[in-house]
Amino acid sequence: MKAAVVRAFGEPLVIEDRPDPEPGPGQVRIRVEASGLCHTDIHAAHGDWPVKPSPPFVPGHEGVGLVEKLGEGVAHLSIGWGSPLWGRVAVPWLGKACGRCEHCLSGWETLCERQINTGYGCDGGHAEKMLAWADFAQPVPKGVTAVDAAPLTCAGVTTYKALKVAGVSPSQLVAISGIGGLGHLAVQYAKIAGATVAAIDVTDEKLELAAELGADLVIDARKHDVGEVLKRYGGAHAAIALAVNEDAFAAVNSGLRRGGKLVMVALPAHGALRIPVFDTVLNGTSVIGSIVGTRQDLAEVFQLHAAGRTEVICETRPLSSVNESIDEVLRGQVKARIVFDLGTGR
Ligand code: NAD
Ligand code: ZN
Ligand code: ZN
């Protein structure tokens with residue numbers, strides 16, 4: 001099978017031929033149909049974060065495909081189009097969690113200290129085949145294509161969860177900073193939650209896309225002071241920080257209304273946030289980190305899509321274009337998401 005491999009941080013990925021991986025106990029092997037390129041894969045390939053993956057590894061945590069082999073003890077999944085309700089499975093960032101710790105038991109498996117992350121702590125989806133822990137391979141409802149399911153598997157669940165964490169309600173103003181892979185779905189979930197949505201970006205195409213997807217207000221951060229514009233509308237009840245840029249976090253934070261919440265999601269390399277203590281205290285604002293979502297959150301994301309409530313904007317490419325695709329994401333030239341089409345139809 002072919003796989004896109006990070007051999008050293010900061011170097012181009014190498015397309016390699018590898019033997020098909022053998023599923024261990026509790027695992028399945030998946031014939032990948034589609035695999036989304038998340039900005040996190042780029043951070044992984046560059047070794048941007050304090051906790052680093054170990055090259056060589058295959059990135060990708062938006063892999064979607066059909067189960068082709070069951071490991072020992074797997075009884076609830078079957079090979080191919082097994083069930084009348086679902087066929088494909090999706091393999092998210094949360095590859096596995098322990099299921100026993102306080103976080104797992106309290107509905108916060110995303111905080112499990114013993115979790116293994118797909119495409120980071122084990123090989124991921126940018127390959128023709130991949131392994132997954134069966135309990136964390138999420139069934140994709142029939143009717144949701146592999147290409148649509150891929151971006152939902154990280155960009156979708158992460159922003160859906162961030163809006164839950166923000167506790168958004170219909171009368172609120174929500175600022176979405178960064179309309180990329182994550183942001184284009186965040187705008188839609190904020191609209192579904194009933195909020196008034198302000199979308200912020202630095203390219204015309206992204207701002208146009210946000211307006212097409214229902215944003216009520218678009219703010220070009222190149223031309224306007226984001227905080228001032230938001231304050232003109234009374235300030236945001238919540239701001240979801242998705243732009244890979246620390247200054248963008250501070251800018252949107254300055255547009256919160258009293259009691260507002262900044263939800264940090266993007267993970268710029270060596271990122272640190274400087275915000276005024278005085279304003280944070282006097283205004284009673286909160287700064288919250290939010291990491292992906294649980295299996296239940298992902299199930300809800302797929303249900304919304306199957307019901308026709310969300311639209312995935314993406315371009316499909318062959319896996320061989322992985323390095324050019326990474327460059328385009330870094331230049332901000334991708335409309336929303338790139339999905340590698342691994343050849344088994346949409
Ligand atoms: P992306 O590159 O597709 O989108 C980033 C967007 O930010 C682009 O549209 C870009 O034009 C815009 N932008 C750049 N500078 C800006 C500025 N100053 N102000 C406003 N917008 C600006 O990336 P993505 O795949 O959506 O991922 C975004 C970030 O989220 C990455 O750091 C990624 O690692 C992180 N991430 C976090 C989680 C989590 O669970 N916390 C999950 C997935 C991704
Ligand atoms: Zn991701
Ligand atoms: Zn746990």
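As annotated in an unreviewed UniProt entry, the chain carries the name Alcohol dehydrogenase and comes from Streptomyces cyaneochromogenes. Listed under Sequence similarities (unreviewed entry) in UniProt, the entry text for the chain is "Belongs to the zinc-containing alcohol dehydrogenase family." You can read under Cofactor (unreviewed entry) in the UniProt record for the chain the words "Zn(2+)".

Some words on the site of ligand 1
As a matter of local geometry, ligand 1 sits amid 29 residues, with His39, Thr40, Asp201, Val292 and Arg337 nearest to it. Within the side chain of Thr40, a nitrogen or oxygen atom sits 2.7 Å from an oxygen atom of ligand 1. Within the complex, the protein chains bury 91% of what would otherwise be the 880 Å² of accessible surface of ligand 1. At the level of secondary structure, the elements contributing two or more residues to the shell around ligand 1 comprise α1 (39-46), α3 (146-166), α4 (181-192) and β11 (196-201). Counting residues per element, the shell around ligand 1 draws most heavily on α1, which supplies 3 residues. Two domains share the shell around ligand 1, each providing at least three of its residues, namely domain 1 (2-139 + 313-341) and domain 2 (156-289).

Description of the pairing of strand β3 (residues 27-37)
The buried fraction of β3 is high, at 10 of 11 residues. Two elements, β3 and strand β8 (residues 129-133), share 5 bridges in a ladder whose sense is antiparallel. Counted as the bridge partner of Arg31 is Lys129 from β8. Bridge analysis of β3 against strand β4 (residues 63-70) gives 7 bridges, and the strand direction is antiparallel. Residue Ile30 lies in a different strand from β4, and its bridge partner there is Val67.

Let's talk about the environment of His184
Position of His184 among the secondary structure elements: in helix α4. You can call His184 buried: its relative accessible area is 0%. Taking C-alpha positions, His184 is 9.9 Å from Leu207, a pair spaced 23 residues apart along the chain. Contacts of His184, omitting those with residues within four sequence positions, involve Ile179, Leu209, Leu213, Glu311, Val312, Ile313 and Ala336.

Conventions adopted
Residues numbered from 1 in each chain as written. Chains lettered and ligands numbered in written order. Predicted model: local features only at pLDDT ≥ 70, side-chain atom pairs only at ≥ 80, totals over all residues. Heavy atoms only, no water. UniProt positions renumbered as here; feature names shortened; annotations may be inferred. Near = heavy atom within 4 Å. Polar contact = N/O pair within 3.5 Å; in protein donor to acceptor, adjacent residues only side chain to side chain. Areas by Shrake-Rupley, 256 points an atom, 1.4 Å probe, with all protein chains shown as cover. Helix = DSSP H or I, 4+ residues; strand = E, 2+ residues; numbered from the N terminus. Domains from an automatic or database assignment. Buried < 20%, exposed > 50% of the residue type's maximum accessible area, 1.4 Å probe, protein only. Pairing = 2+ DSSP bridges. Contact = heavy atoms within 4.5 Å.

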